[in-house]
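Examining the three-dimensional arrangement
Chain by chain, the residues run as shown.
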Amino acid sequence: AQSVTQLGSHVSVSEGALVLLRCNYSSSVPPYLFWYVQYPNQGLQLLLKYTSAATLVKGINGFEAEFKKSETSFHLTKPSAHMSDAAEYFCAVSAASGGSYIPTFGRGTSLIVHP
Amino acid sequence: KAGVTQTPRYLIKTRGQQVTLSCSPISGHRSVSWYQQTPGQGLQFLFEYFSETQRNKGNFPGRFSGRQFSNSRSEMNVSTLELGDSALYLCASRDRGEAFFGQGTRLTVV
């Protein structure tokens, strides 16, 4: 069984400030981990993924995430927020189960960026 | 490669009607999954098809069904529509654990 918890349904930051979106997961087997971004009325776009290589993963648009097995966390960060980063962000975990890798998604965190 | 294509983008239906949504996955991907996204429930997994067979199913009533064709294109059908079926329906084709999403179909039931 696998699950994802995203802490905070809304995160508000000022433009230029650090972005930190939290994600904790549970999985009975080594997981793949993902962060997706969704703009209004659009599908989900992959930001970055962890697949058991380097624990610090760099993604698109300046985002990165660090896999911490001891904390079962995969928090998303960006050093300096931009207005265009305002969107919904989803963390997902995927692990092999009966030959399938169906991802489980968190409830999402809405990032609000103030000028 | 072309991405995942969902048609139509928007639909308005009346309660009691039925609807069919279509999804064309990325070329070479054999797995297609469907999700329902609503503000209250978030992203909920409907079902997954792989090589024309339903491989996994979420916790949705039998009014929700799907199928996959030999070219991996998939359709999702909802019968006897209810107001609560109003949602963004997302299709994703998968390459192992990574899901690639379409733009979604916004279904409004009135």
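Here, every reference points to the structure presented above.
Let me begin by describing the structure that accompanies this report. Bear in mind that the values here come from a model prediction, so they are computed numbers and not experimental data.

**A short note on the sheet that holds strand β8 (residues 74–78) of chain B**
Residue and element names in this part refer to chain B. Pairing in this open sheet of four strands is antiparallel, and the strands run β1-β3-β8-β7 from one edge to the other. Two strands bound the open sheet, and with one partner strand each, they are β1 (5–7) and β7 (64–68). Adjacent strand axes in the sheet meet at a mean angle of 20 degrees when their direction is disregarded. As paired elements, strand β3 (residues 19–24) and β8 share five bridges and run antiparallel to each other. When the bridges of β8 are listed, L21 appears paired with M76.

**Observations regarding the interface of chain A and chain B**
How big an interface is tends to be stated in terms of accessible area lost as the parts join. Tallying the contact residues gives 19 residues for chain A and 25 residues for chain B. Carbon and sulfur atoms supply 48% of the area buried between chain A and chain B, which totals about 1800 Å² over both sides. At the surface where chain A touches chain B, the tally comes to zero salt bridges. Where chain A packs against chain B, one counts four residue pairs in polar contact (both at pLDDT 80 or more). Contributions of two or more residues to the side of chain A that touches chain B are made by β4 (32–38), β5 (44–50) and β9 (87–94) of chain A. If you tally residues by element for the side of chain A that touches chain B, the top one is β4(A), at four residues. Residues belonging to the side of chain A that touches chain B are distributed by class as follows: ten nonpolar, seven polar and two charged.

Calculation criteria
Residues numbered from 1 in each chain as written. Chains lettered and ligands numbered in written order. Predicted model: local features only at pLDDT ≥ 70, side-chain atom pairs only at ≥ 80, totals over all residues. Heavy atoms only, no water. Pairing = 2+ DSSP bridges. Helix = DSSP H or I, 4+ residues; strand = E, 2+ residues; numbered from the N terminus. Axes fitted to C-alpha atoms, helices over the stretch in contact; angles between N-to-C directions. Contact = heavy atoms within 4.5 Å. Buried area = accessible area lost by both parts, 1.4 Å probe. Salt bridge = Lys/Arg side-chain N within 4 Å of Asp/Glu carboxyl O. Polar contact = N/O pair within 3.5 Å; in protein donor to acceptor, adjacent residues only side chain to side chain. Nonpolar A, V, L, I, M, F, W, Y, C, P; charged D, E, K, R; others polar.

Purely spatial values, then, with no claim about function.
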